[in-house]
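Spelled out from the first residue to the last, the chains are:
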Amino acid sequence: MTEFPLLVLLLGLVLLAEALLARYEVLAYTAGWRTPATELPQGMPYARGADPGRPPEAYLVYLDGIGKRRFRDTRDGGRLVEALIAGAPELRVLGQVQPYSPLADPLAGRPVWERLRRRAGLLLFLHNVMQIFVAADRRYRPLYNRAVGAQITGQLRLAGYRPGGGVPVVLLSYSGGAQVATGAVEEIRTHLRAPLLLITVGGFHNGANDLTGADHLHRLTSGVDWIERAGILIFPQRWRLLRRSGWNRARRAGKITVHRLDPATHMGPRSYISPETRLPDGRSHLDRTAGTVIALIRARRGAPAVADDPSPEGPAGAREG
């Protein structure tokens, strides 16, 4: 019987340590104690996809879920990025942004974390989970938004983006990446003067960030995604009762469109980006999600959507009203 209290105590101490570390990063950025990283590993391009010699149809920044711990894509995120590049060669795609590090410092490059990964890999996920809650905390949210927003704008410039040129920027986020994507809107709009489209897949975010600077937000979701539903329950700004929250103001302005990707789950073998699980029409969940994203981007710029519309509700989906 003594093992359970000890386990709870140990978990509590770990969470406290993670919370302090998460706050340290954003405070270190704000105080200027450390300079955010900008260089990528040798041989890694700042963007993939469309020819860098001429402007692409859009720049797409992919903000991964809590498994993101290095500049390179996670296994599942990499599958989605590759599917997008293959299906829409007109896009320039960036997947290296570190959504859970205001200092753009990937966990995989830190010696202490490398040792922990071999002994207690769960701590890597707890670190990124705590970063989401720091980014959602009203005390740190403006600082976190500015830090990661600056990281995104910096990577876009290095990838060839020219401010004020009119080329759209698409922030595609998975799970907790949605908290960062919604928070980066003001920074990107201010410094790049870019038309901005947000697409969330199973988005876990608090709904407090101002979406005025975004042209539109497409919410890809599923009725069996319990993690996204949990986010809606625990963050009051997502409740319709709080009409003045950033999310509800955008909803009333008609800026949010819902696309149902049932029966996809948030993670696991039936997730939104599973290449194995098949739909009745023969496509995988990965095929449908990538095809939906591509159709929404092409519809945004007025180009024809894919011939076989991947969304069960069509490219426009249903307004969240």
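Residues numbered from 1 in each chain as written. Predicted model: local features only at pLDDT ≥ 70, side-chain atom pairs only at ≥ 80, totals over all residues. Heavy atoms only, no water.

Before going further, it helps to examine the packing of helix α5 (residues 141-158) against helix α7 (residues 185-192). Where α5 meets α7, the closest approach of the two axes is 8 Å, and the angle between their N-to-C directions is 45°. Classed by the angle they form, the pair α5 and α7 counts as oblique. Judged by the twist between their axes, the crossing of α5 over α7 is right-handed. Seen from α5, the contacting residues are R146, G149, A150, I152, T153, L156 and R157; seen from α7, they are E187, I188, H191 and L192. A class-by-class count of the residues in the contact of α5 with α7 yields five nonpolar, three polar and three charged. (Axes fitted to C-alpha atoms, helices over the stretch in contact; angles between N-to-C directions. Helix = DSSP H or I, 4+ residues; strand = E, 2+ residues; numbered from the N terminus. Parallel < 35°, antiparallel > 145°, perpendicular 65-115°, else oblique. Left-handed = near helix turned anticlockwise from the far one by under 90°. Contact = heavy atoms within 4.5 Å. Nonpolar A, V, L, I, M, F, W, Y, C, P; charged D, E, K, R; others polar.)

Looking now at the pairing of strand β3 (residues 91-94). With burial as the criterion, each face of β3 is covered, one bearing L91 and V93 and the other bearing R92 and L94. Relative to β3, strand β1 (residues 48-49) runs antiparallel, the two being bridged by two bridges. Residue G49 lies in a different strand from β3, and its bridge partner there is R92. Bridging between strand β2 (residues 58-63) and β3 involves four bridges; their strand directions are parallel. In the strand pairing of β3, Y59 is matched with R92. After leaving β2, the chain enters helix α2 (residues 75-87) and then returns to the sheet as β3, a path that is right-handed. (Buried < 20%, exposed > 50% of the residue type's maximum accessible area, 1.4 Å probe, protein only. Pairing = 2+ DSSP bridges. Right-handed = clockwise from strand over helix to strand, strands pointing away.)

Before going further, it helps to examine helix α10 (residues 285-300). Given a rise of 1.5 Å per residue, 16 residues ought to cover 22 Å, and the 23 Å separating the end C-alpha atoms of α10 matches this to within 8%. Of all 16 residues in α10, 13 are buried, a share of seventy percent or more. (Expected span 1.5 Å × (residues − 1).)

Take α7 next. Here α7 has its buried residues at V185, E187, I188 and L192. Directly after α7, the chain includes R193, whose backbone phi takes a positive value near 50°.

Looking now at the sheet that holds strand β4 (residues 169-174). Read from one edge to the other, the open sheet built from eight strands follows the order β1-β3-β2-β4-β5-β6-β7-β8, with strand pairing classed as mixed. A single partner strand is all that each edge strand has here, and the edge strands are β1 and β8 (318-319). With six bridges joining them, β4 and strand β5 (residues 196-201) adopt parallel strand pairing. Residue pairing across strands places L171 opposite L198, the latter belonging to β5. Sheet strands in contact with α5 are β2, β3 and β4, and its direction is about 135° off that of β2.

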